[in-house]
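Here's the letter readout for the chains.
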Protein chains: 2
Amino acid sequence: MSKVASPLQIAASLTEFWSPRVVAELDESYVKVAKVQGSLAWHSHENEDELFLILKGHLRIEMEAGNVELDEGEMFVVPKGVRHNPVAEQECLIMLVERKATLHTGDVVTEKTRSLVEQLRPV
Amino acid sequence: MSKVASPLQIAASLTEFWSPRVVAELDESYVKVAKVQGSLAWHSHENEDELFLILKGHLRIEMEAGNVELDEGEMFVVPKGVRHNPVAEQECLIMLVERKATLHTGDVVTEKTRSLVEQLRPV
């Protein structure tokens, strides 16, 4: 799976919001991209940090201790165990790095929850 | 260490080539940025994959089985154990994700080798 990839181009090609795709494998982690708009769901990942990098647009990560606002090119790591809810007022393209074991919506399941099999589909 | 960071801006602010700085911590990995020009050194990381994402410019990763050419926005994972040598003909800004245990120039030490303490210095 080690090939040159363009996260921005792959994210832009996605047709469904909040449906991440794996674009690279890095030891015990996956690099994923997603096209997002609206709100995902409040959730947490008990044992895994989660990196968000904004490829295009603007993302707000709501957290109980305060929100962060991420512009294009900015990055934030949601620490393990921290409840969060990503929200994009307008279409936004993001890159994620997270453990292979990390569940899409963590400790909750909603109609937006995507399985790892779905995230590993070819783009 | 979980704060909003702009990898591109931080990389642009660096004054020394091939001297990565840690910009985020993600479980057992560090996210780093670097300003590079010229050639680093042929080396390998026996037990750790290494992710390269090009923030600005163009990077060639020389490998024994063939080179990859990475343009701005493109990403490549050098698999563990693969000997490689990153080369930038002109100034290039990159983001790296690698295990905390990963040594800068892997199994070799050159005058360009930087310790983890140096990589953890504030920018």
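Being a predicted model, the structure only gives us computed values, none of them experimental.

Rules used in this analysis
Residues numbered from 1 in each chain as written. Chains lettered and ligands numbered in written order. Predicted model: local features only at pLDDT ≥ 70, side-chain atom pairs only at ≥ 80, totals over all residues. Heavy atoms only, no water. Helix = DSSP H or I, 4+ residues; strand = E, 2+ residues; numbered from the N terminus. Rg over C-alpha atoms; globule rule 2.2 N^0.38 Å. Buried < 20%, exposed > 50% of the residue type's maximum accessible area, 1.4 Å probe, protein only. Contact = heavy atoms within 4.5 Å. Areas by Shrake-Rupley, 256 points an atom, 1.4 Å probe, with all protein chains shown as cover. Lys, Arg positive; Asp, Glu negative; His and termini not counted. Charge placed at Lys NZ, Arg CZ, Asp CG, Glu CD. Least-squares fit on C-alpha atoms with pLDDT ≥ 70 in both. UniProt positions renumbered as here; feature names shortened; annotations may be inferred. Buried area = accessible area lost by both parts, 1.4 Å probe. Salt bridge = Lys/Arg side-chain N within 4 Å of Asp/Glu carboxyl O. Polar contact = N/O pair within 3.5 Å; in protein donor to acceptor, adjacent residues only side chain to side chain. Nonpolar A, V, L, I, M, F, W, Y, C, P; charged D, E, K, R; others polar.

**Brief notes about the overall build of chain A**
Check the secondary structure of chain A and you find 2 helices and 7 strands. Listed by position from the N terminus, the elements making up chain A come as α-β-β-β-β-β-β-β-α. A compact globule built from 123 residues would reach a C-alpha radius of gyration of about 14 Å, and chain A, at 13 Å, matches this within 12%. Along the first, second and third principal axes, the C-alpha set of chain A runs to 40 × 30 × 25 Å. Here chain A holds 123 residues, and the buried ones make up 54% of them. Across chain A, the fraction of contacts at a sequence separation of at least 24, relative to all contacts at a separation of at least 6, is 66%. Carbon and sulfur atoms make up 51% of the accessible area of chain A, which amounts to about 5500 Å² in all. Where the 13 positive side-chain charges of chain A centre and where its 20 negative ones centre are 6 Å apart.

**Side note on the relation of the copies chain A and chain B**
Mapping chain A onto chain B calls for a screw motion: a turn of 180° about the axis and a shift of 0.0 Å along it, with 0.0 Å RMSD after fitting. The relationship between the two copies is best expressed as a two-fold rotation axis. When the interface residues of chain A are mapped onto chain B, 100% of them again fall at the interface, so both copies present the same face.

**Description of the side chain of Ser-44 of chain B**
Structurally, Ser-44 of chain B can be placed in the loop between β2 (29-39) and β3 (50-56). Those residues in contact with Ser-44 of chain B, other than ones at most four positions away along the chain, are Gly-81, Val-82, Arg-83, His-84, Gly-106 and Asp-107 of chain B.

**Re the UniProt feature "domain: Cupin type-2" (unreviewed entry) in chain A**
The positions UniProt marks with the feature "domain: Cupin type-2" (unreviewed entry) are residues 35-90 of chain A. Regarding residues 35-90 of chain A, the helix share stands at 0% and the strand share at 55%, and the terminal C-alpha atoms are separated by 10 Å.

**Regarding the interface of chain A and chain B**
Facing the 33 residues of chain A at the interface are 33 residues of chain B. For the pairing of chain A and chain B, the buried interface totals around 2300 Å² over both sides, and the portion due to carbon and sulfur atoms is 64%. Along the contact surface separating chain A from chain B lie 4 salt bridges. We note a salt bridge from Arg-99 of chain A to Asp-27 of chain B, for which the minimum N-O separation is 3.4 Å. Here chain A and chain B share 8 residue pairs in polar contact (both at pLDDT 80 or more) between them. Every element with two or more residues in the side of chain A that touches chain B is listed here: β1 (21-26), β3 (50-56), β5 (68-70), β6 (75-78) and β7 (84-99) of chain A. Considering only residue class, the side of chain A that touches chain B consists of 18 nonpolar, 4 polar and 11 charged.

**Some details on the pattern of salt bridges**
Inspection of the entire model under this criterion finds 20 salt bridges over all chains. Among the ionic contacts, a cluster of salt bridges with common partners joins Asp-27 of chain A together with Asp-49, Lys-80 and Arg-99 of chain B.

**Side note on the environment of Ala-11 of chain B**
Looking at where Ala-11 of chain B falls in the secondary structure, it is placed in helix α1 (residues 7-13). Setting aside anything within four residues of it in sequence, one finds Ala-11 of chain B in contact with Val-33, Ala-34, Lys-35, Leu-55 and Leu-93 of chain B.

**Observations concerning unusual backbone geometry**
All names here are of chain A. The phi angle at Asp-27 is positive, at roughly 50°, despite the residue not being glycine. When you line up the elements, Asp-27 lands in the loop between β1 and β2 (29-39). You can call Asp-27 buried: its relative accessible area is 8%.

**Some remarks on the side chain of Glu-62 of chain B**
All names here are of chain B. Mapping Glu-62 onto the fold places it in strand β4 (residues 59-63). Glu-62 gets classed as buried once you look at its relative accessible area, which sits at 18%. Excluding residues that lie within four positions of it along the chain, Glu-62 makes contacts with Trp-42, Asn-67, Arg-83, His-84, Asn-85 and Val-87.

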